[in-house]
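The primary structure of each chain is shown beneath.
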Amino acid sequence: MRLAIMQPYFMAYIGYFQLIAAVDKFVIYDNIKYTKKGWINRNKMLQNGSDKIFSVPVAKGSDQLHIIDREISADFNRQKLLSQLRGCYLKAPHFEDIWPLIERIVSFQDNNLFRYIQNSVVLICDYLDIDTEIIVSSSVAADHYLLSQDRVLSICEALNANTYVNPIGGVELYSPEAFAGIGCDLKFINTDTIEYAQFGNSFVPSLSILDVLCFNSFQEVRAIIEDRFRIIDGFD
């Protein structure tokens, strides 16, 4: 059984969904600390030929709180964010196809930070016909007091994973020998270079999957999800 574990990302990048589709079970962290400088509640959209950050504002709270214990700010104006996204992508070729999805994601009324972001992940997976089982980390009978690799190993053992797949950016964080010690192969996913037309301007990379969906047909996005990556052995 192939397993991946990641923190939630609001309307995440294309590689996030490639990873989900490439495994049998995907664990999404709810019981890790929210970091202000991270990308849990932030992403990038295309505005006037450049990338622009959009975000879900978070209510003030202790830095020690887990994501599941954080709330969205009462100042969050969902309609304002929808207007911003509409203004940026209204003339994109597939905007009308995905606008109902965007509205469902942004308009979701739960003010819990984790559940709000998790909902965006689940709805996008549903739209893209990704049927991987998504598991909330706190529901796994693992040792959640462990940190980093040790915690991942504990979750892998609890779910009887024989393969763990991580984004290529974490290649220095994990030991293939440690995973082999629990009978689990360590693999890394490396997304291919992906470019497509964006209003005829120079391509702007590293944007939300929203951008991919606006400029590519459903079939083209499915092809990217299924084919535009490589799985690399941890011992390579």
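You'll find the structure just up there.
Residues numbered from 1 in each chain as written. Predicted model: local features only at pLDDT ≥ 70, side-chain atom pairs only at ≥ 80, totals over all residues. Heavy atoms only, no water.

Undergrad: Outline the packing of aromatic side chains, listing residues and values.
TA: By the definition in use, this model includes 18 aromatic pairs. For the pair Y16 and F17, a centre-to-centre distance of 5.6 Å together with 70° between the ring planes defines the contact as edge-to-face. As far as the burial class goes, Y16 and F17 line up, both buried. An aromatic cluster is built from Y9, Y13, Y16, F17 and F26, whose rings are joined through pairwise contacts. Directly above the ring of W39 sits R42, whose terminal nitrogen or CZ lies 4.3 Å from the centroid. Lying over the aromatic face of W99, R86 brings its terminal NZ or CZ to 5.3 Å of the ring centre. (Phe/Tyr/Trp six-rings, centres within 6.5 Å; stacked < 30°, edge-to-face > 60°. Buried < 20%, exposed > 50% of the residue type's maximum accessible area, 1.4 Å probe, protein only. Lys NZ or Arg CZ within 6 Å of the ring centre and 35° of its normal.)

Undergrad: Outline the environment of E71, supporting the account with residue identities and numerical values.
TA: Positionally, E71 belongs in the loop between β4 (50-55) and α2 (78-89). Those residues within four positions of E71 in sequence are excluded, and the remaining contacts are V58, A59, N111, N112 and L113. (Helix = DSSP H or I, 4+ residues; strand = E, 2+ residues; numbered from the N terminus. Contact = heavy atoms within 4.5 Å.)

Undergrad: Go over helix α3 (residues 95-107) with me, naming the residues and quoting the values.
TA: Over its 13 residues, α3 runs 17 Å from end to end, which matches the ideal 18 Å to within 8%, given 1.5 Å per residue. Along its length, α3 reaches its greatest deviation from straightness, about 25°, at L101. All buried positions along α3 are accounted for by F95, I98, W99, L101, I102, I105 and V106. Among the structural elements, α2, α4 (113-127) and α7 (209-215) are those in contact with the buried residues of α3. (Expected span 1.5 Å × (residues − 1). Bend = angle between axes of the 7 residues up to and from the residue.)

Undergrad: Help me get a handle on the packing of helix α1 (residues 14-22) against α4, residues and values and all.
TA: Packing of α1 against α4 leaves a shortest axis separation of 11 Å and a crossing angle of 70°. Taken together, the axes of α1 and α4 lie roughly perpendicular to each other. For α1 against α4, the interelement crossing comes out right-handed. On the side of α1, the interface is formed by Y16, F17 and I20, while α4 contributes V121, I124 and C125. (Axes fitted to C-alpha atoms, helices over the stretch in contact; angles between N-to-C directions. Parallel < 35°, antiparallel > 145°, perpendicular 65-115°, else oblique. Left-handed = near helix turned anticlockwise from the far one by under 90°.)

Undergrad: Please give an account of the side chain of R70 that cites residues and values.
TA: With respect to the helices and strands, the residue R70 is situated in the loop between β4 and α2. No salt bridge is formed by the buried R70, whose closest oppositely charged neighbour, D63, lies at an N-O distance of 4.8 Å. Among residues more than four places away in sequence, those in contact with R70 are Y34, V58, A59, K60, G61, S62, L65, N111, N112 and L113. (Lys, Arg positive; Asp, Glu negative; His and termini not counted. Salt bridge = Lys/Arg side-chain N within 4 Å of Asp/Glu carboxyl O.)

Undergrad: I'd like to hear about the pattern of salt bridges, residue by residue, with values.
TA: Pairing of side chains with opposite charge becomes possible as their charged atoms draw close. Here the structure, examined in full by the defined rule, presents six salt bridges. Across the pair K36 and D63 runs a salt bridge whose closest N-O atoms are separated by 3.9 Å. With K36 in the loop between β2 (25-28) and β3 (42-47) and D63 in the loop between β4 and α2, this pair connects stretches of sequence that are 27 residues apart.

Undergrad: Account for empty space enclosed by the protein, with residues named and values stated.
TA: This model, assessed by the stated rule, comprises one cavity of 30 Å³ or more. As a volume, the largest cavity reaches approximately 30 Å³. Lining the largest cavity are M11, I98, L101, I102, I105, I124, I209, L210 and L213. The greatest single-element share of the lining of the largest cavity, amounting to four residues, is contributed by α3. Partitioned by chemical class, the residues of the lining of the largest cavity number nine nonpolar, no polar and no charged. (1 Å grid on protein atoms, 1.4 Å probe; cavity = no way out; pocket = protein on both sides within 12 Å on 5 of 7 lines; lining within 4 Å. Points joined across faces, edges and corners; volume = space filled by probe spheres on them. Nonpolar A, V, L, I, M, F, W, Y, C, P; charged D, E, K, R; others polar.)

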